[in-house]
Amino acid sequence: FKSLAPPTGVTMALQFTYHAKTHIILGPDTVKQIGGLIKKDGIQKVLLTAGEGSIRRNGVYDQVAASLRVADIIHVDFFGIPPNPTLAKVHEAVQICKSQGIQAILAVGGGSTNDASKAIASGAVMDGDVWDCYLGAVPAPENALPLYTVLTMSGTSSEYNAGSVVTNAATKEKRGTFLACVPRAAIIDPTLQVTLPWRQTAAGSIDTISHLLEQYMGADPQAADTTLNLNVALIKSVITNCTALQAHPEVYTPRANLCWAASLGANGIAGLGLSQDWNVHWLEHVLSGYLPRVTHGEGLAILTPPYMRWIARHVPAARPSMERLARDLYGCGVDEAIDRLQAQFRAWGAPS
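So, how was this worked out
Residues numbered from 1 in each chain as written. Predicted model: local features only at pLDDT ≥ 70, side-chain atom pairs only at ≥ 80, totals over all residues. Heavy atoms only, no water. Helix = DSSP H or I, 4+ residues; strand = E, 2+ residues; numbered from the N terminus. Rg over C-alpha atoms; globule rule 2.2 N^0.38 Å. Areas by Shrake-Rupley, 256 points an atom, 1.4 Å probe, with all protein chains shown as cover. Pairing = 2+ DSSP bridges. Axes fitted to C-alpha atoms, helices over the stretch in contact; angles between N-to-C directions. Contact = heavy atoms within 4.5 Å. Core = buried A, V, L, I, M, F, W, Y, C linked by side-chain atoms within 4.5 Å. Buried < 20%, exposed > 50% of the residue type's maximum accessible area, 1.4 Å probe, protein only. Polar contact = N/O pair within 3.5 Å; in protein donor to acceptor, adjacent residues only side chain to side chain. Phe/Tyr/Trp six-rings, centres within 6.5 Å; stacked < 30°, edge-to-face > 60°. Lys NZ or Arg CZ within 6 Å of the ring centre and 35° of its normal. Salt bridge = Lys/Arg side-chain N within 4 Å of Asp/Glu carboxyl O.

Attention now moves to the overall build of the protein. Counting its regular elements, the protein contains 13 helices and ten strands. Against the 2.2 N^0.38 benchmark of 20 Å for 352 residues, the protein shows a C-alpha radius of gyration of 20 Å, consistent with a compact globule. Reported as C-alpha extents along the three principal axes, the dimensions of the protein are approximately 55 × 50 × 35 Å. For the protein, the computed accessible surface area is about 14,600 Å², with 55% contributed by carbon and sulfur atoms.

Structure (structure tokens):
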């Protein structure tokens, strides 16, 4: 997506181009569809990427493998992608793709697996190093391998966008970029996330809220009224449904609503017509780049409230949007709204 420049003489006007490329299938018992989705694109061999083994223990891997088998699709497994995906793992997978004739990537996991898989899909068609795309030294290749995903943790919206964040452990740099690689199809079965540790559900929810706040802060409150209202509605949905899951993690309806809110949080639609901010995310990349044990969502929980306080006090242009956000979200002033949001993060057990 892209927001367009306003007409001459107009400070800000709502106009944009938006195209969502991902086929989303959300619902229970939907993993069995992934093989058919890949097969219809004429793909016969995929690299199945995953984290550190939880999908083997919870049965998700068996469901995916069965669907691929029915579709006569060969899969080469690549496990071990860490929560903050590393460039070294990306390089390892790229070599497998090149040496084994991989035609597409199937990411089975959460945001980290999807982010790494975009880098792998891009690096597999490059002569040089995909890290150069993150440095801005070369453009992302337009012919990246097709990417498909079975989502096992919501929060990043990586199943629905082109964003990718990778850490170069050698230099302690954590960088994000947009690659020309958006998942063609994403299976979102909320029942797969029932067994997630609460810490991960909370961190994913905070990540989604941060995405929405970063797009909201600094906006002209009059220019994109619809988008701003959508942002607030999604933040409220995340708070309501995450809180419900804290008491009853097994209930489907709040889990499904949380999954969908997370997907919409950073797929572009919640930022249409807005100038956006994203400084908290860049700060968090530095934090977890140096301290990989800090999960992304928890890093955002630490950084978001003080950053909001700072811009509310020191960036006059941001004050109108902050006042509108506080009023629409909590019906109060800016300082109280930030305090209440921070208290919510703490109630979910996050450091803040």
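That shown, we press on.
So, about the sheet that holds strand β3 (residues 23-26). Either a parallel or an antiparallel arrangement is found when strands of a sheet pair, and the pairing is made through backbone hydrogen bonds. Taken in spatial order, the six strands make up an open sheet running β3-β10-β7-β6-β4-β5, and their pairing is parallel. Edge positions in the sheet fall to β3 and β5 (74-78), since each has one partner strand and no second. Taken over all neighbouring pairs, the strand axes of this sheet differ in orientation by 15° on average, direction set aside. Inspection of the sheet shows strand β6 (residues 104-109) paired to strand β7 (residues 147-151) by five bridges, in the parallel sense. Note that in β7 the partner of Gly 109 across the bridge is Leu 151. In the packing of helix α5 (residues 111-123) onto the sheet, the strands contacted are β4 (45-50), β6 and β7, and the crossing angle to β6 comes to about 170°.

Glancing now at the nonpolar core. Ranked by internal contacts, the top residues of the largest apolar core, which has 43 residues, are Ile 209, Leu 213, Ile 235, Met 308, Met 322, Leu 325 and Trp 348. Breaking this core down by element, the ones donating at least two residues are α7 (198-216), α8 (225-247), α9 (252-265), α11 (296-314), α12 (319-330) and α13 (334-347). For this core, the element with the highest residue contribution is α8, accounting for eight residues. Beyond its immediate chain neighbours, meaning those up to four positions away, Trp 348 contacts Trp 198, Ala 202, Ser 205, Ile 206, Ile 209, Val 238, Ile 239, Cys 242, Thr 243 and Gln 246. The next biggest cluster of nonpolar side chains, apart from the first, holds 29 residues, and it includes Phe 78, Ile 102, Ala 119 and Val 130.

By secondary structure assignment, the location of Asp 77 is in strand β5. For the pair Asp 77 and Ala 50, spaced 27 residues apart in the sequence, the C-alpha separation amounts to 8.0 Å. The residues contacting Asp 77, other than those within four sequence positions of it, are Leu 48, Arg 56 and Tyr 61. Here Tyr 61 takes part through its side chain, which lies 2.5 Å from a polar atom of the side chain of Asp 77. A polar contact of 2.8 Å, which involves the side chain of Asp 77, links it to the side chain of His 75.

All told, the structure shown has four aromatic pairs when counted by the stated rule. With centroids separated by 5.6 Å and ring planes inclined at 20°, the aromatic side chains of Trp 131 and Tyr 134 adopt a geometry described as stacked. With Trp 131 and Tyr 134 both in helix α6 (residues 131-135), this residue pair falls three residues apart, about one helical turn. Classification of Trp 131 by relative accessible area gives buried; the value is 6%. For Tyr 134, a relative accessible area of 5% translates into the label buried. Their ring planes at 35° and their centres at 6.4 Å tell us that Phe 345 and Trp 348 sit as a pair that is tilted. Side by side, Phe 345 and Trp 348 carry an identical accessibility label, which is buried. The ring centre of Tyr 61 lies 4.6 Å from the NZ or CZ of Arg 56, which sits over that ring. In this structure, Arg 56 packs its charged tip against the face of Phe 79, placed 4.2 Å from the ring centre.

What follows concerns the pattern of salt bridges. Inspection of the entire model under this criterion finds 14 salt bridges. Here Arg 340 and Glu 336 are joined by a salt bridge, their closest N and O atoms 3.8 Å apart. Of the two residues, Arg 340 and Glu 336 both sit in helix α13, four residues apart, roughly one turn of that helix. Several salt bridges converge on common partners, so that one network encompasses Asp 225, Arg 324, Arg 327 and Asp 328.

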